Amino acid sequence: MSDIVHTDGDFAERAESGRSEYGPAVTQQQPRQLDRDLSTDIDLRDFLFMLWRRKALIALIVIVFLALGWMGLSFIKPRYTAEAMVKIQNMSDSKAAELTQLVANFKLDNTVILSEVEVIRSRSLARKVIQKYGLVSDRELNPLMDHLKSSSSNRQYRAETATGFKSLSLDGHKTEELQLKEMPPEVTDRLMGVIVNNFLMNVKVYPVTGSHVIQVEYTSSDPVKAARITNALIDSYLDQRLEEKFADSQKVTGWLEERLATLREQVRASEAAVEKYRNEKNLVVGSRAEITAQRLSELNTQLVVAKAKQAEARARLSQIEDARKNPLRLQSASEVLGSNLISQLKMREADLQRNLAELSERYGPKHPAIINARKEVSDVRLKIDEEIEAVLQGIGNEEEVAGARVEALEKELSEIEGVRSQENEDMIRLRELMRDAEANRLIYETFMETNKRSDDQEKLQEPEADIISYATVPAEPSYPNRPLFLSLTAAVALFFSIGICLLLEKFDNAFRSAGQLEAVTGLSCFALIPAIERIPQGELANYIISKPASNLAEAVRTLRTVLRLRGNSAGNSGEDARPRVVSVTSSFPGEGKSTLSAWLARISAKSGERVLLIDGDLRRPSVHKLIGARGDKTIVEYLTGQAKLDQIIEKDSVTGLHMIYARSVPNSALDLIESKRMKNLLESLRKAYDLIIIDTPACLAVSDARVLATLSDQTLYCVHWDKTAREIVTTGVKQFTDMGYQTMSTVLTNVDVHKHAKYGYGDTPYYYKQYKEYYQN
């Protein structure tokens, strides 16, 4: 038994507010186009519920994809990848660091690591590995081996593969080797290029981030061969690196020897130049330069003394010449007073003057004694003047001698300074030659020492790379990666199934919720009528009587409540506002309209209302089948004047429901429905009954429903849940709206409540399990 989805209070509020549970009661609007379906506005919740509805399909598609993927994996030949690790050492840790630094300043950075990566996967190294280990005959690398193989070589190949590393040698493929050697050189070169390309396609080399480690991988269908080729590749790389270092060392040593010979000649030439220049310039280190400096110092001292004497003589001479203008001053000059002869003459003059004075007292001026005395005084004075002139002449001579001495010393000093300057220039040039010779000697000695070390270090060469770990035989194949492949297959299957579900949802034209129905038709959905288990048609009408507490009975009561309150939704109040004549129709037969009419009528009658159920389908009447009884007179007899009203009305003894049956008159059905007698009948019945329910034919089959709708206060349009196409419903509704009919609403019938709840459309059936204690099915 399915379960009900609405309550009386729920629909009462919707009816009073003029709104349905899913939106406004837009009964006056035209049906909306299908492109405005809610499926075009998918939110996350709708999407998740869509996935839940289609979970079986999604699971089936994923399982099918996984099965196909698993089957596909069984047809794929597995390939194995072996891994090895190589660490590149820093040059500063090498024993040959000093020698290498002479050639280049090596710095271990990402550029160097990437360069070594390219070296490992270079064609030259791959070619060496192929030639060294005989991989020319490997069937994975050489496409011609399948054409050259023989039964004996196959046996030998299998034997070597089972025994060990000899499987990488040509020893077991002598027949193929001879056939390959017989090929023309251009064919062999082209074939070797193909083999190298195939080899490199299986090699992967990449640096390990944040370290000096390089990871080397090789992929093969044979796990043992993958490990051995990986180890062979890194061994060949270390051998090549060691050979390159040895060759570089020999190259450096040869260059050093050539450079030493050149430097040796440079040292000899520079030292010879020093000696030659020293001899040419007569430069004895420490003797000649000191003599010149000493002589220069002595001359400077003598020159100073001579200039002092010259200045002194010039000053004395100048003083005396100034004093000659005044005889008294001249006689008192220091040079004059310093002369002994002048001093004696002055003493003599003083004596003579004293004697003259004594004689003058005794004799007259003309006395011979006076005259002689005066003559003696005059002679003494003359001698004094002559002596003063001699003194002046001597001072002048001294000044001239001092000047000549200064000039001679200055000349000699200038000559000595010239010699000193030349000697300095010669010494500068000599020191330059000596520095060049010393520099050449130091370079020569350095190269000698480096050459000696390089000779010793040639025996200690290392590849400057360490093998951290050799490759081991892989236990699991690297291709196909079964977990990854199956995960991707499941992901693809999931997206594919979701796409299929979305496509199915897009092409799904049936209605599963009241919201969808309202959005497409523009009409309010008054109720969702649950479906019940299959029972005989004659017992359908009795279902709600036998199970009055079922969800179905509650849904019909809810519909009755909505109809009763419908008048208030338009702003009216009172008994006259409620619809008294309600017609029930659908797009096609079999959508539950007749059953709903019987249920609604019996529920209303059971509630104490005066209810009349009219079978208005004069083409395929079915009410009598639902009730399980049939009267002698039908509405056809009344409309044709063959019976009175009280003759055609039957009464349900269980509920007190009054019923008017019908019979099939397809040729005159429409005429009878459109007759004035039918209109008068309904007008008179309005006064006698609280509710009149008319079960009309399907509207798309005939036009009787539209005529009866014009005689009704309300029309219920039944839509089969998850069955009736949307285009059909909109076409049927359009027949009523095109003629201006506005009092129409919809009802979803035969709702599978359990599926509806799983679909998650948000209607009340979604919450049925939470309220199932309210119902007794």
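Procedures and definitions
Residues numbered from 1 in each chain as written. Predicted model: local features only at pLDDT ≥ 70, side-chain atom pairs only at ≥ 80, totals over all residues. Heavy atoms only, no water. Helix = DSSP H or I, 4+ residues; strand = E, 2+ residues; numbered from the N terminus. Buried < 20%, exposed > 50% of the residue type's maximum accessible area, 1.4 Å probe, protein only. Contact = heavy atoms within 4.5 Å. Core = buried A, V, L, I, M, F, W, Y, C linked by side-chain atoms within 4.5 Å. Pairing = 2+ DSSP bridges. Axes fitted to C-alpha atoms, helices over the stretch in contact; angles between N-to-C directions. Parallel < 35°, antiparallel > 145°, perpendicular 65-115°, else oblique. Nonpolar A, V, L, I, M, F, W, Y, C, P; charged D, E, K, R; others polar. Phe/Tyr/Trp six-rings, centres within 6.5 Å; stacked < 30°, edge-to-face > 60°. Lys NZ or Arg CZ within 6 Å of the ring centre and 35° of its normal. Expected span 1.5 Å × (residues − 1). 1 Å grid on protein atoms, 1.4 Å probe; cavity = no way out; pocket = protein on both sides within 12 Å on 5 of 7 lines; lining within 4 Å. Points joined across faces, edges and corners; volume = space filled by probe spheres on them. Salt bridge = Lys/Arg side-chain N within 4 Å of Asp/Glu carboxyl O.

Looking at the overall build of the protein
Okay, so step 1: Within the protein one finds 30 helices and 14 strands.
Okay, so step 2: Expressed as a percentage of the 777 residues in the protein, the buried residues total 45%.
Okay, so step 3: Contacts in the protein between residues at least 24 apart in sequence constitute 81% of all its contacts with a sequence separation of at least 6.

Considerations on the nonpolar core
In a soluble, globular protein the nonpolar side chains are often hidden away together inside.
Okay, so step 1: The biggest cluster of nonpolar side chains holds 37 residues, and the ones touching the most others in it are Ile-529, Leu-552, Leu-559, Trp-599, Leu-613 and Leu-716.
Okay, so step 2: One finds Ile-88, Ile-234, Leu-238 and Ala-471 within the second-largest nonpolar core, a separate group that totals 35 residues.

Considerations on the sheet that holds strand β14 (residues 744-751)
Okay, so step 1: Strand order in this open sheet of eight strands is β7-β14-β13-β8-β12-β9-β11-β10, and the pairing throughout is mixed. Strands at the two margins of the open sheet, each flanked by one partner only, are β7 (525-530) and β10 (649-651). Pairwise comparison of adjacent strand axes, ignoring direction, gives a mean angle of 25° for this sheet.
Okay, so step 2: Examined bridge by bridge, β10 and strand β11 (residues 658-660) share three bridges and lie antiparallel to one another. When the sheet's bridge partners are listed, Glu-650 is paired in β11 with Met-659.
Okay, so step 3: The strands touched by helix α20 (residues 551-564) are β7, β8 (581-586), β13 (714-720) and β14; relative to β7, the strand with the most contacts, the crossing angle is about 165°.

Some thoughts on the pairing of strand β12 (residues 691-695)
Okay, so step 1: For β12, the buried fraction is high: five of the five residues fall into the buried class.
Okay, so step 2: Burial of β12 is two-sided: the residues Leu-691, Ile-693 and Asp-695 facing one way and the residues Ile-692 and Ile-694 facing the other way are all buried.
Okay, so step 3: Taken together, the four bridges between β8 and β12 define a ladder with parallel strand orientation. Bridge pairing in β12 links Val-581 to Ile-692.
Okay, so step 4: Two strands pair when backbone bridges link them, and strand β9 (residues 611-615) and β12 are joined in this way by five bridges, in the parallel orientation.

So, unusual backbone geometry
Okay, so step 1: Residue Pro-480 is reached from Tyr-479 by a cis peptide bond, and omega for that bond is -5°.
Okay, so step 2: Positionally, Pro-480 belongs in the loop between β6 (465-469) and α17 (482-507).
Okay, so step 3: We note that Asp-722 has phi near 60°; this positive angle belongs to a residue other than glycine.
Okay, so step 4: Positionally, Asp-722 belongs in the loop between β13 and α29 (726-737).
Okay, so step 5: We note that Asn-750 has phi near 55°; this positive angle belongs to a residue other than glycine.
Okay, so step 6: Relative to the helices and strands, Asn-750 is located in strand β14.
Okay, so step 7: Here Asn-750 falls in the partly exposed class, since its relative accessible area comes to 29%.

Some thoughts on the packing of helix α6 (residues 123-132) against helix α10 (residues 185-201)
Okay, so step 1: Orientation of α6 relative to α10, taken along the N-to-C sense of each, is 105°, at an axis distance of 10 Å. If you check the angle between α6 and α10, you find them roughly perpendicular. Of the residues in α10, those in contact with Arg-123, Ala-126, Arg-127, Val-129, Ile-130 and Gln-131 of α6 are Asp-189, Met-192, Gly-193, Ile-195, Val-196, Asn-197, Phe-199 and Leu-200.
Okay, so step 2: Classifying every residue of the contact of α6 with α10 by side-chain character gives eight nonpolar, three polar and three charged.

What about the packing of aromatic side chains?
Okay, so step 1: Scanning all chains against the criterion turns up four aromatic pairs.
Okay, so step 2: When the centroid spacing of 6.4 Å and the interplanar angle of 90° are considered together, the rings of Tyr-717 and Phe-736 count as edge-to-face. Residue Tyr-717 is located in strand β13, and its partner Phe-736 is located in helix α29; the two are separated by 19 residues in the primary sequence. Across the pair, exposure class does not vary: Tyr-717 and Phe-736 are buried alike.
Okay, so step 3: Overall, the relative accessible area of 0% leaves Phe-736 in the buried class.
Okay, so step 4: Aromatic ring contacts, followed pair by pair, group Tyr-717, Phe-736 and Tyr-741 into a single cluster.
Okay, so step 5: Its end group placed over the ring of Tyr-638, Arg-677 keeps NZ or CZ at 4.1 Å from the ring centre.

Some remarks on the sheet that holds β6
Okay, so step 1: The four strands are arranged β4-β5-β3-β6 in an open sheet whose pairing can be described as antiparallel. Of all the strands in the sheet, the pair left with one neighbour each is β4 (203-207) and β6. Strand after strand, the sheet turns through a mean of 25° between neighbouring axes, direction not considered.
Okay, so step 2: Bridge count for β4 against strand β5 (residues 213-220) is five bridges, and the pairing is antiparallel. Among the inter-strand pairings, Lys-204 is bridged to a residue of β5, identified as Glu-217.
Okay, so step 3: The sheet contacts of helix α5 (residues 110-120) involve β3 (80-88), β4 and β5, and relative to β4 the element is tilted by about 170°.

Remarks on the packing of α20 against helix α22 (residues 593-606)
Okay, so step 1: Contact geometry for α20 and α22: axes closest at 9 Å, N-to-C directions at 75°. One finds that α20 runs roughly perpendicular with respect to α22. Packed against α20, whose contacting residues are Leu-552, Val-556, Arg-557, Leu-559, Arg-560 and Leu-563, the element α22 presents Leu-596, Trp-599, Leu-600, Ile-603 and Ser-604 at the interface.
Okay, so step 2: Residue composition of the contact of α20 with α22, by class: eight nonpolar, one polar and two charged.

So, the pairing of β3
Okay, so step 1: Taken together, the eight bridges between β3 and β5 define a ladder with antiparallel strand orientation. The residue of β5 that forms the bridge with Ala-84 is Val-216.
Okay, so step 2: Alignment of β3 against β6, held across four bridges, turns out to be antiparallel. Within the sheet, the bridge partner assigned to Lys-87 lies in β6 and is Asp-466.

Section: the environment of Lys-755
Okay, so step 1: Looking at where Lys-755 falls in the secondary structure, it is placed in helix α30 (residues 753-759).
Okay, so step 2: The spacing of Lys-755 and Arg-53 is 702 residues in sequence and 8.2 Å in space, taken between C-alpha atoms.

What to know about α17
Okay, so step 1: Over its 26 residues, α17 extends 36 Å from the first C-alpha to the last, a length consistent with the 38 Å expected when each residue adds 1.5 Å.
Okay, so step 2: Within α17, burial applies to Leu-486, Thr-489, Ala-493, Ser-497, Ile-498, Cys-501 and Glu-505.
Okay, so step 3: Buried positions along α17 lie against α2 (44-53) and α3 (55-75).

A closer look at the layout of surface pockets
Okay, so step 1: Quantified by volume, the largest pocket comes out at close to 950 Å³.
Okay, so step 2: As for the largest pocket, its lining consists of 35 residues, and the residues nearest its centre are Leu-540, Gly-590, Gly-592, Thr-595 and Asn-750.
Okay, so step 3: Elements that contribute at least two residues to the lining of the largest pocket include exactly β7, α22, α23 (623-627) and β14.
Okay, so step 4: It is α22 that provides the largest number of residues to the lining of the largest pocket, a total of five residues.
Okay, so step 5: Among the residues forming the lining of the largest pocket, the class breakdown is 17 nonpolar, 10 polar and eight charged.

Details of the pattern of salt bridges
Okay, so step 1: All told, the structure shown has 24 salt bridges when counted by the stated rule.
Okay, so step 2: Across the pair Asp-690 and Arg-580 runs a salt bridge, and its minimum N-O distance is 4.0 Å. Residue Asp-690 is located in the loop between α27 (676-688) and β12, and its partner Arg-580 is located in the loop between α21 (566-569) and β8; the two are separated by 110 residues in the primary sequence. By the burial criterion, Asp-690 is buried, and Arg-580 matches it.
Okay, so step 3: Salt-bridge contacts for Asp-713 lead to Arg-686; the nearest nitrogen and oxygen are separated by 2.8 Å. With Asp-713 in the loop between α28 (704-710) and β13 and Arg-686 in helix α27, the pair connects residues that are 27 residues apart, well separated along the chain.
Okay, so step 4: The partly exposed category is assigned to Asp-713, whose relative accessible area is 25%.
Okay, so step 5: Sharing partners across several salt bridges, the network here consists of Arg-53, Arg-54, Glu-505, Asp-508, Arg-512 and Asp-722.

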